[in-house]
Amino acid sequence: MELIQKNSDLSAYLGADEAVDHHHPLVRETAARLARDAEDSYAYASLAFAFVRDTVSHSQDAGDPRVTWRASDVLAQGTGVCHAKAHALAALLRAEDIPTALCYQRLAHDDGVGHVVHGLIAVRFGGAWHRQDPRGNKPGVDARFSLDGERLAFLPDRGAGEWDYPDLHPAPHPAVLGALRAAPDRARLWRTLPTAL
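This is a predicted model, so every value here is computed, not measured.

Enquirer: What am I meant to see in the overall build of the protein here?
Expert: When its secondary structure is counted, the protein shows seven helices and eight strands. At 15 Å, the protein has a C-alpha radius of gyration in line with the 16 Å of a compact globule built from 197 residues. For the protein, the spread of C-alpha atoms along the principal axes amounts to about 45 × 35 × 30 Å. For the protein, buried positions account for 48% of its 197 residues. Long-range contacts, defined here as pairs at least 24 residues apart, represent 62% of the contacts in the protein between residues at least 6 apart. For the protein, the accessible area works out to roughly 8800 Å², and carbon and sulfur atoms hold 49% of it. For the protein, the distance from the average position of its 21 positive side-chain charges to the average position of its 26 negative side-chain charges is 4 Å.

Enquirer: Before we go on, may I ask you to explain the packing of helix 1 (residues 25-35) against helix 5 (residues 82-95) in this structure?
Expert: Geometrically, a packed helix pair is captured by the angle between its two axes and the distance between the axes. Orientation of helix 1 relative to helix 5, taken along the N-to-C sense of each, is 65°, at an axis distance of 9 Å. On the basis of their axis angle, the class for helix 1 and helix 5 is roughly perpendicular. Crossing of helix 1 against helix 5: the hand is right-handed. On the side of helix 1, the interface is formed by V27, R28, T30, A31 and L34, while helix 5 contributes A91, L92 and A95. For the contact of helix 1 with helix 5, the per-class residue count stands at six nonpolar, one polar and one charged.

Enquirer: Even after reading the chapter, I still don't get the pattern of salt bridges, so can you show me in this structure?
Expert: Where charged atoms from two side chains of opposite charge come close, those side chains can pair. A full pass over the atoms with the stated rule returns eleven salt bridges. For the salt bridge of E18 with R181, the shortest nitrogen-to-oxygen distance reads 3.2 Å. Within this pair, whereas E18 is found in the loop between strand 1 (4-5) and helix 1, its partner R181 is found in helix 6 (residues 174-182), the two being separated by 163 residues in sequence. When its relative accessible area of 38% is taken as the criterion, E18 is described as partly exposed. Among the residues examined, R181 registers a relative accessible area of 48% and is labelled partly exposed. A salt bridge links R66 to D64; its shortest N-O distance comes to 2.7 Å. Here R66 falls in the partly exposed class, since its relative accessible area comes to 37%.

Enquirer: Would you take a moment to explain the packing of aromatic side chains for this structure?
Expert: The description of two aromatic rings rests on the distance between their centres and on the angle between their planes. By the definition in use, this model includes five aromatic pairs. Considering the side-chain rings of F49 and F145, the 5.9 Å spacing of their centres and the 50° angle between planes classify their relative orientation as tilted. With F49 in helix 2 (residues 41-55) and F145 in the loop between strand 6 (128-132) and strand 7 (163-164), this residue pair connects regions lying 96 residues apart in the sequence. Of the residues examined, F49 reaches a relative accessible area of 1% and is grouped as buried. According to the relative accessible area criterion, F145 is buried, its value standing at 13%. Cluster of aromatic residues (ring-pair linked, three or more members): Y42, F49, F125 and F145. Of note, R186 hangs over the ring of W190, and the distance from its end group to the ring centre comes to 6.0 Å.

Criteria and thresholds
Residues numbered from 1 in each chain as written. Predicted model: local features only at pLDDT ≥ 70, side-chain atom pairs only at ≥ 80, totals over all residues. Heavy atoms only, no water. Helix = DSSP H or I, 4+ residues; strand = E, 2+ residues; numbered from the N terminus. Rg over C-alpha atoms; globule rule 2.2 N^0.38 Å. Buried < 20%, exposed > 50% of the residue type's maximum accessible area, 1.4 Å probe, protein only. Contact = heavy atoms within 4.5 Å. Areas by Shrake-Rupley, 256 points an atom, 1.4 Å probe, with all protein chains shown as cover. Lys, Arg positive; Asp, Glu negative; His and termini not counted. Charge placed at Lys NZ, Arg CZ, Asp CG, Glu CD. Axes fitted to C-alpha atoms, helices over the stretch in contact; angles between N-to-C directions. Parallel < 35°, antiparallel > 145°, perpendicular 65-115°, else oblique. Left-handed = near helix turned anticlockwise from the far one by under 90°. Nonpolar A, V, L, I, M, F, W, Y, C, P; charged D, E, K, R; others polar. Salt bridge = Lys/Arg side-chain N within 4 Å of Asp/Glu carboxyl O. Phe/Tyr/Trp six-rings, centres within 6.5 Å; stacked < 30°, edge-to-face > 60°. Lys NZ or Arg CZ within 6 Å of the ring centre and 35° of its normal.

Now the structure itself:
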């Protein structure tokens, strides 16, 4: 699949906004701590990916009812759904001047009833975009940081109405962000997240 950069200005993928608030002190402090152990930008990106994937719990897997959406809140509370974790990773990468896009997949719900939009990121290295999924691993899911071929959490099944969206967004999709901001808890979020973009 050919990824489509929605904004031709690469600096748009370094910007801060309400959700990807990489100027927040907690985001900056976390980025600085991770950067101390990295010899270059690639190593930093790999460390930031592993940090978000492994230390921020996916709220569904953990049975956590809280809904986070702002990167700084995700880091402070240590929980979030895929979209929130993508916002946190984008903020950590942008804090170290690594262009990062938000991107999406349409996937079937775990119970097989209906679909939901899944969030992930793409990072730019070597003049190309590389998608990464910090969702968090569990049995049957083994996402890894890779620039040598995608190691995502999920591979869409077209026969089941699943697919990848090729668009690379500089900011969260408004439909996704609206659902995250309005949901009082994860149960409500599951009913209001968009099924397609």
